[in-house]
Every structure is written in C-alpha cells, then in structure tokens.
Amino acid sequence: MMEFTYYGHSCFLIEIDGNKILFDPFISGNPLIEEFYLSTIKADYILISHGHEDHIADLMEIAKNTKALVIATAEIADWVVNQGYENVHPINFGSKSFPFGDLYFVPAAHSSSLPDGSYGGNPGGFVVKTKNGAFYYAGDTCLTMDMQLIPLYADLDWAILPIGGNFTMDYKDAVHCSEFIKCDKVVGVHFDTFGFIEINHEHAKSYFNEKGKKLVLPEIGKTVTLSK
Ligand code: NI
Ligand code: MN
C-alpha cells in the first residue's frame, strides 16, 4: 500500500513500507499555498527529477530539517554538497537498489539548470519498485518513445505524470504515456500552479474516463491511498 501526500505542483511524499520518499520540494514559492511550515515535513529520502526552481526551491531547508538522503544527478548532488549538505547519493540514468526498493532513473525530455544557472545534468524521472507496489514519476517531460521501455523494469501500479502542458505533456499525452507504460491509474501533477499550466479538471478527468483510465487530481495538503 502506498500513501500519497500532495504538497502542490510536483511535490509529493510517498510512504511505502514505512519509508517516506519526498519528490521535488517546491512549496513556499507556490502561489496556491498560503501558509505552510516546511518543518512539518518528514522524509527519509528526497528524490529530485531536475534542477529547476519549481522542483528544488525548498530542498536545502527540508534536507537540513529531515537529514534525508538526497538522491539526484551527480551534477545536482555536487550542487547540494556545495550548499553545505553532505547526505547525497549521485545517480545518472540507470538502476540502483536502495533500502526502500529498486530505483530506475529514466530519461525525461526537458532541461535542467539550477537556480544559480549552473548545469543540473540530464532531467529524468523515477521508477520505484518495492515489494508492496511500483510507481513511475515522470518528472517534467513531454511524451517520449523511451517511456515504452518502462514496462521492462516494473509492472506499475500507479504513475504520477505532469498534465499541465506548456512546459510538459498535457493530459491528452498523459493518456498516450499511460498506454506506453502499461499503467491505467494516473495521479496528475504540474498543473494549475501558474497561468501557463491551468487546466479544466472535468475535461481532463472525462478524457481519461473515455479511454477507460483513471485520473486522480490530488488536493494540496491531502493524503490519498494508492491501492495496488
Ligand atoms: Ni522543469
Ligand atoms: Mn517544472
């Protein structure tokens, strides 16, 4: 069983088998969030898809609060160390086992610079495979042919996909993605935060329903169970 807590934009926490895995911390700069105390977040691991501000703005503060292991590209990991935080694990495209399960860092077609303009390495997404469930978080990306490789790694229970368009795929391409990755259950992220990525919720959900798929649009601050 996986518990999904949404912190807005592409920031969410997945709790699985007692491990708390936080993705892409961007909360304090989110215009949809009035008040939030970063110190309330608990995490064992922080996974970063790419270096853009709207994915790492609160990384350093949450990392220092939680002492979580930060898993990111070697370039981002170096940047984190240079900011004064040592508990990092550098990766690049490929696979590695962690105490929470098997992790695959897979390509995203996007860009990745850090807030100071330095190079963040390649942008990516994550496949997380544990004994109690598997999921894919695509990061920021358009639809790619590479997504068809993901079923080779894991029989996915859920996918967390960007659906806001403009900077990433939109919800229509998220349906194509769900075909590629062989996963009908999708949590949408990276929508509504800024004007460029506002979507019509009902249109998005009914588009998924028409194709026999499920789209969850999470509410900020709420936790939902992602069943197997
Ligand atoms: Ni981005
Ligand atoms: Mn983004």
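First, a word on scope: everything that follows refers to the structure included in this document.

The rules behind each value
- Residues numbered from 1 in each chain as written.
- Chains lettered and ligands numbered in written order.
- Predicted model: local features only at pLDDT ≥ 70, side-chain atom pairs only at ≥ 80, totals over all residues.
- Heavy atoms only, no water.
- Helix = DSSP H or I, 4+ residues; strand = E, 2+ residues; numbered from the N terminus.
- Buried < 20%, exposed > 50% of the residue type's maximum accessible area, 1.4 Å probe, protein only.
- Phe/Tyr/Trp six-rings, centres within 6.5 Å; stacked < 30°, edge-to-face > 60°.
- Donors = N, O, S within 2.8 Å, 3.2 Å for Na, K, Ca; no water.
- Tetrahedral: all angles 85-135°; square planar, octahedral: opposite > 155°, others 65-115°.
- Core = buried A, V, L, I, M, F, W, Y, C linked by side-chain atoms within 4.5 Å.
- Contact = heavy atoms within 4.5 Å.
- Pairing = 2+ DSSP bridges.
- Axes fitted to C-alpha atoms, helices over the stretch in contact; angles between N-to-C directions.

## Here we look at unusual backbone geometry
Unusually for a residue other than glycine, K67 sits at a positive phi of about 60 degrees. We note that N166 has phi near 65 degrees; this positive angle belongs to a residue other than glycine. Secondary-structure assignment places N166 in the loop between β11 (158–162) and α5 (171–180). N166 gets classed as exposed once you look at its relative accessible area, which sits at 54%.

## A look at the packing of aromatic side chains
A complete count under the given rule lists 16 aromatic pairs for this structure. With a centroid separation of 5.5 Å and 75 degrees between ring planes, the pair formed by F23 and Y137 is classed as edge-to-face. Of the two residues, F23 sits in strand β3 (residues 19–23) while Y137 sits in strand β10 (residues 133–137), which places them 114 residues apart along the sequence. Each member of the pair, F23 as well as Y137, carries the same accessibility label: buried. Between F98 and F100, the aromatic rings sit 5.4 Å apart at their centres with planes inclined by 0 degrees, giving stacked as the arrangement. The class of F98 is buried, set by a relative accessible area of 10%.

## Quick look at the coordination of the manganese ion (ligand 2)
Ligation of the manganese ion (ligand 2) by protein atoms is provided by D54 (OD), H55 (NE2), D140 (OD) and H190 (NE2), these donors lying 2.1 to 2.2 Å from the ion. With a relative accessible area of 14%, D54 lands in the buried category.

## Focus on the coordination of the nickel ion (ligand 1)
For the nickel ion (ligand 1), the protein coordination sphere consists of H50 (NE2), H52 (ND1), H110 (NE2) and D140 (OD), at 2.2 to 2.4 Å. In this structure, the nickel ion (ligand 1) is coordinated by four donor atoms arranged in irregular fashion, with angles at the metal of 88 to 178 degrees. Donor residues for the nickel ion (ligand 1), ordered by position in the chain, follow H-x1-H-x57-H-x29-D.

## Some remarks on the nonpolar core
The biggest cluster of nonpolar side chains holds 55 residues, and the ones touching the most others in it are I14, F23 and Y136. In this structure F23 touches S10, C11, F12, I14, L47, F126, V128, F135 and Y137, once residues within four positions along its chain are discounted.

## Remarks on the environment of E34
On the secondary structure map, E34 appears in the loop between β3 and β4 (45–47). E34 sits 51 residues away from Y85 along the chain, and the two C-alpha atoms are 28 Å apart.

## Some points on the sheet that holds β4
Across a sheet, paired strands are connected by hydrogen bonds in the backbone, their directions being either parallel or antiparallel. Strand order in the open sheet formed by seven strands is β6-β5-β4-β3-β2-β1-β14, with mixed pairing between adjacent strands. A strand with exactly one partner marks an edge of an open sheet, and here the two such strands are β6 (88–91) and β14 (223–226). The average angle at which neighbouring strand axes cross in this sheet is 25 degrees, direction not considered. Pairing geometry for β3 and β4, over three bridges, is parallel. Along β4, the bridge assignment pairs F23 with L47. Sheet strands in contact with helix α2 (residues 59–66) are β3, β4 and β5 (69–73), and its direction is about 165 degrees off that of β4. Strand contacts of helix α3 (residues 74–82): β5 and β6, with the helix running at about 135 degrees to β5, the strand carrying the most contacts.

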